[in-house]
Amino acid sequence: MQVRHQSIKSRLRFLTALALAPCLAGCFVSPGGGSSEGGPSGSRLRVALAFPPAENLSPYGADATLLSRLGVTEGLTALDANGAAAPALARSWRREDDRTWRFTLREATFQDGTDVTPAAVAAALTHATKAEPEPAALAGVTLDAKADGERGIRITTQKPDPVLPMRLAGPSLAILAPKAYEKKGNPTPVGTATGPFEITEVNGGGSATLDRYDDYWDGLAHATGIDVRFVKDGTARANAVRTGDVDIAEAIPVAQAAALDQETLKEAGTTRTTSLQLNTESGPFEDPQLRAAARTAIAPSVLVKGVFEGYADPGAGLFGPAVTWAESKRVTPAGRAEPARPDGTSITLATYDNRPELPEVAQVVQQQLRKARFTVKLEVREYSRLESDALAGQFDAFIGARNSLLDTGDPVGVLGSDYTCDGGYNLARLCDEKTDRAVAEAVGTDGTGERQDAAMAAEAAILGTDAVVPLAHQRIIVGVSTKVRGVLLDPYERTLVGTGTRR
């Protein structure tokens with residue numbers, strides 16, 4: 001698909017912005033913290049991403065993060081460096097009662113030239129509530145959004161939701177123009193989003209072209225556009241940085257990290273955890289004793305040392321060291337089943353190769369399970385060809401890397417989406433009454449410390465089922481040209497390129 005347009009209004013604003021650039025220097029700060037001081041540079045950025053669009057750029061699934069990382073989409077709020085809700089399309093908000101919040105919108109326009117109005121925002125959120133499967137950020141939450149005056153949005157939840165402002169920062173709750181929802185099926189973000197960059201061309205799963213959106217509410221981006229290549233091979237991404245073919249390459253394999261110049265290697269902590277998910281609904285791991293046998297067979301420290309080469313920490317739970325409060329509040333799982341003897345039990349273990357360390361992790365896990373006397377068949381595919389089968393429970397075991405705070409920034413959010421009966425990303429197919437009760441209690445808990453305590457109690461309930469075995473807590477490794485400044489690395493992995501990213 002290809003879309004190219006620019007209104008007269010956009011051109012006039014662009015020329016005006018250029019004329020005023022010297023006097024506005026330093027006045028704008030991007031949502032990701034990059035300042036547009038000095039005005040736009042005019043250079044395009046070349047970016048290599050590991051994952052091609054898996055769902056036709058639907059904002060409701062895995063592609064939502066791709067869109068936010070490229071600066072295409074935004075929500076009412078964003079997350080700051082401490083994980084708290086920060087202004088985005090909403091400049092302020094207040095809680096009116098236990099179930100009602102009022103958000104005040106800033107002046108902004110969609111990339112199709114229409115204004116961001118309360119009616120448009122309410123309609124976008126309403127569409128998200130009706131999406132199937134539901135966006136992960138809305139797991140366990142029912143909300144109603146209505147326009148309130150010229151700039152207000154009033155959102156009412158069925159039950160008290162103390163973290164609603166954080167929830168609305170989720171990439172899957174991006175606000176799109178009414179035009180995005182005109183056709184049946186999932187909405188399109190092409191030319192309908194609000195971010196500093198606009199998708200103008202997508203060539204299947206191979207590449208995409210983005211141009212700077214000149215009417216962006218937070219000022220002109222330095223880069224005039226982004227040329228994106230989707231390169232699933234991690235070695236190829238690293239080589240592209242070395243040779244200067246790309247400016248930024250995400251998810252550099254740990255095996256390639258040592259080969260990059262230190263000046264081009266960027267590392268940061270992340271809330272991403274690599275885990276082994278066991279299918280509790282059908283197959284051998286429906287038996288909790290066999291799940292316990294699999295857990296006891298795994299040695300995470302071996303994975304960290306051998307596969308991740310130190311760019312990770314051994315799996316301690318669903319939340320790792322980047323969630324700074326988790327370790328001190330962790331609860332020991334209780335009621336675990338006694339391990340059974342596998343005696344050659346046959347299982348199919350699956351993973352994907354977009355993250356190059358995962359097939360290596362899977363091979364080591366396969367060896368460890370075989371040593372425990374499981375018979376293990378390993379299946380590796382590209383993620384977009386694997387996700388639907390994994391969610392449908394077609395495999396006995398699945399190894400994936402999941403950012404535990406990606407969807408909502410709230411520790412409870414991932415627990416509801418991944419490990420409850422109604423969870424939309426429940427790879428373990430877990431449906432456990434004790435777990436659902438613990439997660440529901442955490443959902444309804446107010447107060448930061450109290451909610452963290454409830455989240456860790458729910459984590460213990462989940463780990464007690466042995467539906468998931470945490471393997472490693474990962475770190476971000478990104479290749480960045482020495483000519484590039486302002487790349488946005490955050491532990492939630494929602495941002496990569498912003499208004500201040502430049503070459």
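> I'd love a proper account of the pattern of salt bridges, names of residues and values included.
What the rule picks out here adds up to 32 salt bridges. With its nearest N and O atoms 3.2 Å apart, the salt bridge here joins Asp-446 to Arg-95. On the criterion of sequence distance, the pair formed by Asp-446 in the loop between α13 (433-443) and α14 (448-464) and Arg-95 in strand β4 (residues 90-97) is long-range, its members being 351 residues apart. Residue Arg-95 is classed as partly exposed on the basis of its relative accessible area of 31%. The network of salt bridges with shared partners includes Arg-94, Glu-96, Arg-102, Asp-148 and Arg-154.

> Residues and numbers for the sheet that holds strand β5 (residues 100-105), please.
Strand order across the open sheet formed by four strands is β4-β5-β7-β6, with antiparallel pairing between neighbours. The open sheet has two edge strands, β4 and β6 (143-148), and neither has a second partner. Taken over all neighbouring pairs, the strand axes of this sheet differ in orientation by 20° on average, direction set aside. Bridging between β6 and strand β7 (residues 152-157) involves six bridges; their strand directions are antiparallel. Looking at the pairing, Ala-145 lines up with Ile-155 of β7. The strands touched by helix α3 (residues 118-130) within the sheet are β5, β6 and β7, with β6 carrying the most contacts at an inclination of about 170°.

> Can you explain the state of the cysteines? Please cite residues and give values.
Under the defined criterion, the tally for this structure stands at one disulfide. Residue Cys-421 pairs covalently with Cys-431 via a disulfide, S to S 2.0 Å. Where Cys-421 bonds to Cys-431 through sulfur, the torsion about that S-S bond is close to 95°, and the disulfide is right-handed. In this pair, Cys-421 sits in the loop between α12 (411-419) and α13 while Cys-431 sits in the loop between α12 and α13, placing the two residues ten residues apart along the sequence.

> Mind laying out the pairing of strand β15 (residues 375-381), listing which residues take part and the relevant values?
Both strand β14 (residues 346-352) and β15 contribute to a ladder of seven bridges, which runs parallel. Looking at the pairing, Thr-351 lines up with Val-380 of β15. At this point the chain moves from β14, through helix α10 (residues 357-371), to the parallel β15, and the crossover so formed is right-handed.

> Summarise α12; cite the residues concerned and give the values.
Here α12 lies mainly inside the structure; nine of its nine residues are buried. Residues of α12 that are buried include every one of Pro-411, Val-412, Gly-413, Val-414, Leu-415, Gly-416, Ser-417, Asp-418 and Tyr-419, and no others. Each element contacted by the buried residues of α12 is listed here: β12 (265-278), β16 (397-403), α13, α14 and β17 (468-480).

> Let's hear about the pairing of β16: which residues, and what values?
For β16, a buried count of seven out of seven residues is recorded, marking the element as mostly surrounded by other parts of the structure. The pairing of β12 with β16 spans seven bridges and is antiparallel. Counted as the bridge partner of Ser-275 is Gly-400 from β16.

> Any details on the environment of Pro-133? Residues and values, ideally.
By the element assignment, Pro-133 lies in the loop between α3 and β6. Spatially, the C-alpha atoms of Pro-133 and Tyr-425 are 8.9 Å apart, while their sequence positions differ by 292 residues.

> Tell me what's going on with α13, and back it up with residues and numbers.
Every buried residue of α13 is accounted for by Thr-435, Ala-438, Val-439 and Ala-442. One side of α13 holds all its buried residues, which, seen down the axis, span an arc of 95°. Exposed positions of α13 whose direction lies more than 90 degrees from the buried face are Glu-433, Ala-440 and Glu-441. Close packing links the buried residues of α13 with α12 and α14.

> Help me get a handle on the packing of aromatic side chains, residues and values and all.
Taken as a whole and assessed by the stated rule, the structure comprises eight aromatic pairs. A ring pair is formed by Phe-319 and Trp-325, whose centres lie 6.2 Å apart and whose planes are at 40°; its orientation type is tilted. Aromatic rings pair up to connect Phe-51, Tyr-352, Tyr-383 and Phe-398 into one cluster. When the ring centre of Trp-217 is taken as origin, the NZ or CZ atom of Arg-106, which lies over that ring, is 4.0 Å away.

The rules behind each value
- Residues numbered from 1 in each chain as written.
- Predicted model: local features only at pLDDT ≥ 70, side-chain atom pairs only at ≥ 80, totals over all residues.
- Heavy atoms only, no water.
- Salt bridge = Lys/Arg side-chain N within 4 Å of Asp/Glu carboxyl O.
- Helix = DSSP H or I, 4+ residues; strand = E, 2+ residues; numbered from the N terminus.
- Buried < 20%, exposed > 50% of the residue type's maximum accessible area, 1.4 Å probe, protein only.
- Pairing = 2+ DSSP bridges.
- Axes fitted to C-alpha atoms, helices over the stretch in contact; angles between N-to-C directions.
- Contact = heavy atoms within 4.5 Å.
- Disulfide = S-S within 2.5 Å.
- Right-handed = clockwise from strand over helix to strand, strands pointing away.
- Arc of directions from axis to C-beta.
- Phe/Tyr/Trp six-rings, centres within 6.5 Å; stacked < 30°, edge-to-face > 60°.
- Lys NZ or Arg CZ within 6 Å of the ring centre and 35° of its normal.

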